[in-house]
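What follows is the residue order along each chain.
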Amino acid sequence: MTAARLSEANSLAEWLSYLEGLHPMAIDMGLARVQAVQQQMALVPTCPVITVAGTNGKGSVCAMLSKILSLAGYKVGTYTSPHLLYYNERIAINGQPAADHDIVASFAQIEAARGDVSLSYFEFGTLAAVHHFMQSAVDVMVLEVGLGGRLDAVNIFEPTASAVVTIGIDHQAYLGDTREAIALEKAGVYRAAVPAFCADPQPPHTLLEHAAQIGAPLQLIGRDFGYALQAEGQQWSWQGANGIRKNALPIPALRGKYQLANASLVIALLEALKPQLPVSLNDIKRGLLEVEWPARFQVLPGRPVVVLDVAHNPHAALVFKSCLDQMAYHPVTHAVLGMMQDKDVAGVLDIVADRIDVWHVAAPQLPRALPAAQLAELILQRAPRARVVQYESVEKAYRAACESAAEADRILVFGSFFTVSEVLQARG
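Every value quoted in this text rests on a predicted model; they were computed, and no experiment measured them.

This part is about the overall build of the protein chain. Regarding its fold elements, the protein chain presents 15 helices and 17 strands. The C-alpha atoms of the protein chain give 21 Å as radius of gyration, which agrees with the globular expectation for 428 residues (22 Å, within 12%). A principal-axis box enclosing the C-alpha atoms of the protein chain has dimensions of 60 × 60 × 40 Å. Scored against the burial criterion, the 428 residues of the protein chain give a buried share of 56%. Nonlocal contacts in the protein chain, meaning residues at least 24 apart in sequence, comprise 70% of its contacts between residues at least 6 apart. Looking at the protein chain as shown, the accessible area adds up to about 17,700 Å², and 51% of this sits on carbon and sulfur atoms. Between the centroid of the 32 positive side chains of the protein chain and the centroid of its 40 negative side chains there is a distance of 5 Å.

Quick look at the structure:
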C-alpha cells in the first residue's frame, strides 16, 4: 500500500498499514524531517504543553496529570505510546480515545503537507496527535516521549514544563549503554527558563549538568519536592518548594509504592503550572483516587489472581518484583512471558526468576519477538528446577496457565506491551 498515497476515504486500518511501510526504519532518531513537516503545517500549540520523558513511569504520570486536569474542568489532550489494543488509545481527549475519522483526517493533512519528506510511523502519529488536539482546541497537552527525549519527535513542541520520571538502562542501541548517557538524552526535553523536574532519586550528573548549562530551573525529588506517608500508610503528604505542603492525600489508585514518587512529581508539575492551569486540592485527591492506567501492575478480578504488567527492562522488573512481594501468599506462581530480542532479557530474568514456579513462554506475533525456545533456555539457566513450557502463541500460553493454575494461585503476564496486548485480546 506504499505505491499510492491515501486520503480521508481510506480506513484507519489502511492508513496504519500504509504508515508501517512508509519509512525504511521503524526508529529513526532525529528531528529535521518531522520538524520540516511541523513547520509546513504551522503546528505550534498555543496552550500549555507538558512533556514527560523517562525509562519507566511516563504513562502513569501522564494518566494522573490528565485525570486531575480534566476533573478541574480543562480539556486535556494526552498522547501516549504504545497502545495495548487499539491505536486510538494513543490520542485521547479527557481520557476518551480519538475516533477513527478524526485520526484519519489528521493523517490526511500530514500526508498532503509532507511532500517528499519521509516520516516514520511514530513521527506521523506524533504530528497527528498534536494536529487533532489543536483542531479540538484543547486547553492543555500532555505529551509522552516515545524514546529518549532529545531526538524524539515529541521534542519538536516547546514545553511549558518538562519532566524526566526515571532513568534506567533501555534502548541502548539508540540512547547509550550507561545511565549517564541515557540521562543526557532524556534531559534534552529541558529548556532554558522553563520549569524542569526529575523524579529519579539518583539522577546522573549528566542530567544535572545539562540543566545547569542551559539554564533550566530543575527541581529534584528528595531535594525540592517529595512525599511522606501518614496515618499508618493510608494517606500521604506532599512537600514542595517554599514550604508548600499538601496533607491527607489518598494513596493513588495505581498499585505500587513507587506510584507515590510519580504522584509527587505530578503535584510538583501542577504547582509550577498553577498560574496557567490552577487546580484545587479536591481535584488532586479525586484524580489520584480515580486514575486508571491499564497493565501497570493491574490485578484483574476473579480467581486465580491475574496480574498484568508491561515490565520489559530491569528497572521495571525491580518495581514489578517489589509489587509482587507486597501481595498476599499464593501457593504457586505461574508466569506468561514473551519478550523482545532487543531487550535485556537476561537482566529481567535475573531479577524475577526466583519468584516464579511455572513458566508459560511464547513469542508475541511480531518479527523482533524472542523465540520461545531461546527464552526457555535463558530461564532454565537461572532456574534449573523450574517448570518451563513453550507454546506456539501467547494466547495458548495464557489459556494453559489458566487451566493449570489452582484457584489460590496467581498468574503473572509480563515482558512486553505486545504480550499483555495478546492476552487482553484472548480474554475478549
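The next subject is the pairing of strand E14 (residues 333–337). Extensive coverage of E14 is indicated by the burial of five of its five residues. The side-chain alternation of E14 yields two buried faces, one formed by Thr333, Ala335 and Leu337 and the other by His334 and Val336. As paired elements, E14 and strand E17 (residues 410–414) share five bridges and run parallel to each other. Of the residues in E17, the one forming a bridge with histidine 334 is isoleucine 411. In terms of strand pairing, E14 meets strand E15 (residues 358–361) through four bridges, oriented parallel. Each residue of the ladder has a partner; that of histidine 334, found in E15, is valine 358. In this region the chain leaves E14, passes through helix H12 (residues 345–352) and returns to the parallel neighbour E15; the handedness of that crossover is right-handed.

Assignment of secondary structure puts histidine 205 in helix H8 (residues 205–214). The spatial distance from the C-alpha of histidine 205 to the C-alpha of leucine 184 is 8.9 Å, given a sequence separation of 21 residues.

This part takes up the sheet that holds strand E6 (residues 161–164). Taken in spatial order, the eight strands make up an open sheet running E4-E3-E2-E5-E1-E6-E7-E8, and their pairing is mixed. Here the strands that pair on one side only, and so sit at the sheet edges, are strand E4 (96–97) and strand E8 (218–220). By the bridge criterion, four bridges tie strand E1 (residues 49–53) to E6 in an arrangement that is parallel. Note that in E6 the partner of valine 52 across the bridge is alanine 163. Lying on the sheet, helix H5 (residues 121–135) is in contact with strand E2 (76–79), strand E3 (91–93) and strand E5 (140–144); it crosses E3 at an angle near 20°.

Sheet architecture is open: three strands sit in the order E9-E10-E11, paired in antiparallel fashion. If you trace the sheet from one side to the other, it starts and ends with strand E9 (226–230) and strand E11 (245–250), each paired once. Taking the axes of each pair of neighbouring strands and ignoring which way they run, one obtains an average angle of 25° across the sheet. Note that strand E10 (residues 235–239) and E11 share four bridges and pair antiparallel. By the bridge assignment for E11, tryptophan 236 is matched with leucine 249. Each of E9, E10 and E11 touches helix H9 (residues 259–272); the most contacted strand, E10, lies at about 40° to it. Running at roughly 35° to E11, helix H10 (residues 281–290) makes contact with E10 and E11 of the sheet.

Analysis parameters
- Residues numbered from 1 in each chain as written.
- Predicted model: local features only at pLDDT ≥ 70, side-chain atom pairs only at ≥ 80, totals over all residues.
- Heavy atoms only, no water.
- Helix = DSSP H or I, 4+ residues; strand = E, 2+ residues; numbered from the N terminus.
- Rg over C-alpha atoms; globule rule 2.2 N^0.38 Å.
- Buried < 20%, exposed > 50% of the residue type's maximum accessible area, 1.4 Å probe, protein only.
- Contact = heavy atoms within 4.5 Å.
- Areas by Shrake-Rupley, 256 points an atom, 1.4 Å probe, with all protein chains shown as cover.
- Lys, Arg positive; Asp, Glu negative; His and termini not counted.
- Charge placed at Lys NZ, Arg CZ, Asp CG, Glu CD.
- Pairing = 2+ DSSP bridges.
- Right-handed = clockwise from strand over helix to strand, strands pointing away.
- Axes fitted to C-alpha atoms, helices over the stretch in contact; angles between N-to-C directions.

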